[in-house]
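# Reading the structure
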Amino acid sequence: NTVYPPAPPHPLAPPRLGLPASSLLARSLARSIHRRPGLPDPGQSHNRMALAGVRVIELAGLVPAPLCGMILSDFGAKVVRIDRTTAAANVDVLARGKRSVALDLKKPEGVGVLNQLCNQSDVLIEPFRQGVMERLGLGPEVLLEQNPKLIYARLTGFGQSGQYSKCAGHDINFIAVSGLLSKFGRKWEKPYAPLNVVADFAGGGVMCAMGIILALYERMRSGKGQVIDASMVEGAAYCCSWLWKSQDVGMWSQQRGENLLDTGAPFYETYKTSDEKYMAVGAVEPHFYEQFIKGLDLDSANLAPQMSQSDWPELKRIFAKAFAAKSQEEWIKIFDRTDACVTPVLSFQEALSYPHNHERGSFITDEEGQVSPRPAPVLSRTPATFSLKNPEVGEHTHLVLTEYGFNKEQLNILQSAGVIGCSRFKSNL
């Protein structure tokens, strides 16, 4: 029974754009029709999915924001990626199921178009450094005043405040200042970054997606949107809260590479096989450890105690010698379906055909033969029904803008002025 205020003035009206009142573009755009955020589109093909009816605007950026948008798209949201009109090619490999609108934000008309898209959408994903959107006149104060239900997600490395908020950085920098990088690495070696998984993806894209879903859920109660300040430094640290909270229980009391789960322990390690492949061991609990020892054809009575840290180097030597005597395939057969917590280290291609993964359909293959993981988690009633196609830059410009209320006359004007771009490819979505 919540009563919402009347719709605000149209964001593309001449006074807002600063265009002459007599301008054909201004008069044409001012006639566009509003759509209330949150309503599903008629005839939507995947309207049974969890996020069906949610409209998302994603400003093109590097990997964290595209992952966030892909997660929302995989589970039913209609995600529109805003690309530059000057983009030569699509470099976003996390774009499946999205649609692309090419827009020149250096032109005031382009800013006005984006303003209108946000005014009719549920979510905005913005990956720029602090202050960029404000300089465009599209900061949260402006957009939330026009569309009070908008979820404005700001995904950056260092967050929207603090002395580094306007600084550049990458995953390795974010996990460095979060404290996490100091924990990654072997004994006597320098810290190493585990690819760009922790900050970019876990602390960035996934945490931002979770924030958006939380804000959408809260909006059901309040009817109001809000701003999400998703810092990859803080997101990465939060994902690894257990590392922080377990410091005083003895699990991280030694130097890097000498602890239980950082390759210090011989029963939480990788070992090379006779065919130059590897097996991964995670036999931490005593009953799992006993099965591990049995699988190696060793007798625990003749070995040092599992938790005798001073004997860990010698146990590693014994285990390494045992693994080196057989091939990976032989070890797979020995430990298959046991609780020894021993598994093969697989390549991407091997993971695709691994029996368990194949049985569950854990990976999907697109029309071009590219393999990617299936959306997770699997929902029983409303599972993800995703598109395998990545959009070309500007592929859906006319289609999307038409859905958002632009007519043919307006599109022709915008196209002629170089405000929008439209590729020669046609949508298959």
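So, a few notes on the structure that sits alongside this text. (Residues numbered from 1 in each chain as written. Predicted model: local features only at pLDDT ≥ 70, side-chain atom pairs only at ≥ 80, totals over all residues. Heavy atoms only, no water.)

Moving on, we come to the overall build of the chain. Looking only at helices and strands, the chain has 17 helices and twelve strands in total. Put simply, the chain has 429 residues, and 46% of those count as buried. For the chain, the share of sequence-separated contacts (at least 6 apart) that also reach a separation of at least 24 residues comes to 66%. Roughly 22,600 Å² of accessible area belongs to the chain as shown, and the carbon and sulfur atoms make up 56% of that amount. (Helix = DSSP H or I, 4+ residues; strand = E, 2+ residues; numbered from the N terminus. Buried < 20%, exposed > 50% of the residue type's maximum accessible area, 1.4 Å probe, protein only. Contact = heavy atoms within 4.5 Å. Areas by Shrake-Rupley, 256 points an atom, 1.4 Å probe, with all protein chains shown as cover.)

Alternating residues of strand 4 (residues 123-126) divide into Val123 and Ile125 and Leu124 and Glu126, and every residue in both groups is buried. Relative to strand 4, strand 1 (residues 55-59) is paired through three bridges, and the arrangement is parallel. The residue bridging Ile57 from the neighbouring strand is Leu124, located in strand 4. (Pairing = 2+ DSSP bridges.)

Tallied over the entire structure, the rule returns 18 salt bridges. One salt bridge connects Arg317 with Glu314, and the closest N-O pair in it is separated by 2.6 Å. Here Arg317 pairs with Glu314, and both are found in helix 12 (residues 312-323), just three residues apart, close to one helical turn. Look at Arg317 and you get partly exposed, because its relative accessible area is 46%. Exposure remark for Glu314: the relative accessible area of 37% places this residue in the partly exposed category. In this structure, the salt-bridge partner of Asp336 is Arg337, at a minimum N-O distance of 3.9 Å. (Salt bridge = Lys/Arg side-chain N within 4 Å of Asp/Glu carboxyl O.)

A cis amide bond links Ala376 with the next residue in sequence, Pro377, at an omega value of 0 degrees. Mapping Pro377 onto the fold places it in the loop between strand 11 (371-373) and helix 16 (397-403). Of note, Trp188 is a non-glycine position whose phi angle comes to about 70 degrees, a positive value. On the secondary structure map, Trp188 appears in the loop between helix 7 (171-177) and helix 8 (197-222). Note on Trp188: relative accessible area 79%, which makes it exposed. One non-glycine residue with positive phi stands out, namely Cys341, at about 60 degrees. Mapped onto the elements of the fold, Cys341 is located in the loop between helix 13 (328-335) and strand 9 (342-344).

Treat this as a map of the structure, not an account of what it does.
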